[in-house]
Amino acid sequence: MALTQRLHEAFKGTVERITAARTVSAFKEKGVLSVSEFIIAGDNLVSKCPTWSWESGEPSKRKSYLPSEKQFLITRNVPCLRRAASVEEEYEAAGGEVLLDNEDNDGWLATHGKPKDKSDEVENLPSMETLEITKHRAVKSIISEFGDQDDEDIPDMADYEEPDNLVEVDAATLPSTYIVAQEPDDDNILRTRTYDVSVTYDKYYQTPRVWLTGYDESRMLLEPELVLEDVSQDHARKTVTIEDHPHMSGKHASVHPCRHGAVMKKIIDVLMSRGVEPEVDKYLFLFLKFVASVIPTIEYDYTMDFDLGSSSN
Amino acid sequence: MAGHDSGSILVFAQFQSAVDEGFWHRLSSLKLNKLGIDESPIPITGYYAPCSHPQVSNHLTLLAQSLPSESNEQSSAAAMSRGNRNRCPIRGTLYNTNTIESFHKLDKKSLLRVEAKKIWDDIHTGRAVEDSALLSRFLLISFADLKKWNFHYWFAFPVLVLDPPATLVDLMPASQYFSLEEAESVSAACNEWRNSSLTADVPFFLVSTDPNSHATVKHLKDWETCQSDGHKLLFGFYDPCHLPHNPGWPLRNYLALICVRWNLKSVRFLCYRESRGFADLGSSLVGEALITVPQGWRDHQSLPNAVGWEHNKGRQVPRSISLAKSMDPTRLAISAA
C-alpha cells in the first residue's frame, strides 16, 4: 500500500514536471479546473468567505504556473468541536456516502439540501450517548498517542518548572483555568481542536486538493495520525492520506484527489439536469461541500448560501 | 446580560500563541546556514485577526514568513502581508539561545521590560497613534535543539499595568448596546474597514456614531477632530478573544495609550469580533471602563510595571515541541523505505 502510493507519487511528480498545466476549460465535461479557473474560483471564495486567504507559502516550493502571491488558499483556526467517530451516526443518517457512491441523483441533493439543519443538530442537541462516546474515544486516543512515542518525544514540563517558573501577580489577568471553566461541557478540553484547512491546485489531477493541519486545545501541533480521528472513518487511511504539503513544511493529512474530478463531474451533471448552469467561479463552494462529507466535524463549510438551483423540489 | 457589578476590576483574557511548523523549519535552517552561534535578538513578525468563531479565540500566529529570509537581511514579511485581513502584522523580538542552560538563564523580567519600554515610548511620542499596531508587541525566547529536533520556547505579550487597575462600569454584547439602526450602520462601517486593503490590518480604530445613527470608522489620529462634532465615540479594536465576559489582551495597552495621550477617565470600548469573516455584533462587546491615572504616568521617564509571559495549562512555564518526525533524516528515511 505504502509502496504503491510512493511509486504513484513519483510517477505523478514526473508527469507534472514534463506536462504543461491545463489551459483549456474542461470544467463541465470532466469536472476538472484549469490553472486560471482555479484562480478565478479561489478569488471568489476569498471574497465571499473572507476567512479564506491566498498565500504564497515556502519560496522554495513555489509553482511557476501559479502567481507567486496566489499559490494556495488557507483558512486558519477552524474549530473542530468533536471527533468524527461521534457524529458517524448522524453522518450516516444524513446520507453522506450517497454523494460518492450512489448513482441516484436524488441521493446527492438530499444530503446537501439541509446541511444547516445537520450542523445545528450536532451543535445544539448532543445526546448523552454521543457525548459519552466522545469522552472515551478522546481519552483513549491521547493515551495511545503517548504510548506510541519514544520517551524523548515527551517534553516533561516538570524539568523546566524549577529554573523557569515565573509568577506575575496581576489582578487584571484572567487566570487561564477560567477559560476552561467557561466552556459549556466538562469534556470540552478534549474536544476543541482547531484546524488550518488549505486548498492547493493538483496539477496532475487538475483539481483542487484539501489539506488539514490539526492543533490541540492549547494550539500545539497534532500528529497527523490523530487528525484521522476527525475524518469520516470510512475515508481515514483510504481517501485521506498523510503526505508532504506542496507549499508548507511537514506532513499533513490530505484528501486524495484521484476521484475529485469524477465526483465534481457528477455534481455538475446533477445541477445541469436541474437546469442550473454551473459557473466555474463557484467550483470551490461545490468542492468544499463535497469535502465536508469526508471531514464532517470541521466547521469551515460556511456562507454557502448561494443559489444551488431548485433543490427544494 | 451585563454580568458584571459596576466597580469590579476589568479582567482581560491573555493572548495565546500558535506556531506553525514552518516557523521552526525556517529557524533551523537560518541557525545552521546563517546565524551560527550568534545570539543577537532577531526582529520577527507575528500575525493575528479578530476572533472569528464564538467558540475559539484567535491566536498570535508565527509562520515561516515571520522570520527574516536567509538571503537578505531585512524581513520582507511585514511589507508583503500588508492588507491581508487574516494577518494583521505585530512586531516581535526573538531571543534564540545556543544552549538549554542559557535559555533557562535568560532574565525574563528585564527582557519583558525592554519590550514594554518600546510600547511606552511609542505611546509617549505618539508613534502608536499614527501606527496603532505598535501597541501590541511580543517577545519570544527559544532554544532550538537541532540534534534532537526539540524546540523549547516561551512567548510574552507585554502590557503596561494600570495601578490601580481599571474598573468596569458595564459590559454587554454590542447588539444590545446599539439601536437596530446603529448596529446595522456600525456593522457596515466595520466590514468596509476590514475589506479595504488600506485599513484591513489596522487593529485599533475609532467608531463614531452621529445622532442619525450613522456610524463611521476612523483612524486613531482623528481623535482630536472627533471631539467637537458631538458624536458618540467608541474605542474599537480587533479582539482575538471569544469569551462573552472578558475583553482580550490588546485592550490593555490601548487603555494605557488613551489614558496617557488623551487623559480620559472614562473609556467606552468596542471589542470587535467576527463570525465567518464579517462583523458580528452579537459576539462583539461594548463596555465602559473607569481609569484612575496612575502616579508617574505623565512622566515618560518612569516606565510602569509590565506583565505578560504566556500561561501554559494554567502555569507560567515554557513550552516545547518535538519535530523529530518531520526533521530527523533517519526517521524520514525509515518512513520513506
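Computed from a predicted structure; not experimentally measured. (Residues numbered from 1 in each chain as written. Chains lettered and ligands numbered in written order. Predicted model: local features only at pLDDT ≥ 70, side-chain atom pairs only at ≥ 80, totals over all residues. Heavy atoms only, no water.)

### Some words on the side chain of Glu37 of chain A
Next, step 1: Topologically, Glu37 of chain A is positioned in helix 3 (residues 35–48).
Next, step 2: When residues no more than four places from it in sequence are discounted, the contact partners of Glu37 of chain A are Ser25, Phe27, Val32 and Val280 of chain A. (Helix = DSSP H or I, 4+ residues; strand = E, 2+ residues; numbered from the N terminus. Contact = heavy atoms within 4.5 Å.)

### Examining helix 1 (residues 21–35) of chain B
Residue and element names in this part refer to chain B.
Next, step 1: Its 15 residues give helix 1 an end-to-end C-alpha distance of 20 Å, which sits within 8% of 21 Å, the value for a rise of 1.5 Å per residue.
Next, step 2: Among the 15 residues that make up helix 1, 11 are buried, leaving the element largely enclosed by the rest of the structure.
Next, step 3: Listed as buried for helix 1 are Glu21, Gly22, Phe23, Trp24, His25, Arg26, Leu27, Ser28, Leu30, Lys31 and Leu35.
Next, step 4: A positive backbone phi angle near 60° is found at Gly36, which sits one or two residues after helix 1. (Expected span 1.5 Å × (residues − 1). Buried < 20%, exposed > 50% of the residue type's maximum accessible area, 1.4 Å probe, protein only.)

### Section: the interface of chain B and chain A
Next, step 1: The partner chain A presents 55 residues to the 70 residues of chain B that form the contact.
Next, step 2: Here chain B packs against chain A, burying approximately 5400 Å² in sum over the two surfaces, 53% of which is carbon and sulfur.
Next, step 3: Contact with chain A buries surface across chain B, with Gln55, Arg276 and Gln316 of chain B losing the most and accounting together for 12% of the total.
Next, step 4: Along the contact surface separating chain B from chain A lie four salt bridges.
Next, step 5: Between Glu58 of chain A and Arg26 of chain B there is a salt bridge, and its shortest N-O distance comes to 4.0 Å.
Next, step 6: Inspection of the chain B/chain A interface yields 15 residue pairs in polar contact (both at pLDDT 80 or more).
Next, step 7: When its residues are assigned to classes, the side of chain B that touches chain A shows 28 nonpolar, 28 polar and 14 charged. (Buried area = accessible area lost by both parts, 1.4 Å probe. Salt bridge = Lys/Arg side-chain N within 4 Å of Asp/Glu carboxyl O. Polar contact = N/O pair within 3.5 Å; in protein donor to acceptor, adjacent residues only side chain to side chain. Nonpolar A, V, L, I, M, F, W, Y, C, P; charged D, E, K, R; others polar.)

### Here we look at the confidence of the model for chain A
Residue and element names in this part refer to chain A.
Next, step 1: Looking at chain A, the pLDDT average stands at 71 and 61% of residues meet or exceed 70.
Next, step 2: Ranking the elements of chain A by mean pLDDT puts helix 6 (residues 105–113) last, at 35, and strand 1 (residues 53–55) first, at 94.
Next, step 3: Per-residue pLDDT stays below 50 along residues 95–162; that stretch engages in 93 contacts with residues further than four places along the chain or on separate chains.
Next, step 4: A low-confidence stretch, residues 178–190 (pLDDT under 50), is modelled with 17 contacts involving residues beyond four sequence positions or located in other chains. (pLDDT = per-residue confidence, 0-100.)

### Quick word on the environment of Leu285 of chain B
Residues and elements named next belong to chain B.
Next, step 1: Among the secondary structure elements, Leu285 is positioned in strand 15 (residues 285–290).
Next, step 2: Through-space distance from the C-alpha of Leu285 to that of Asp239 is 9.3 Å; in sequence the pair is 46 residues apart.
Next, step 3: Those residues in contact with Leu285 that sit more than four places away from it in its chain are Leu171, Met172, Pro173, Ala174, Leu243, Pro244, Asn246, Phe269, Leu270, Cys271 and Arg273.

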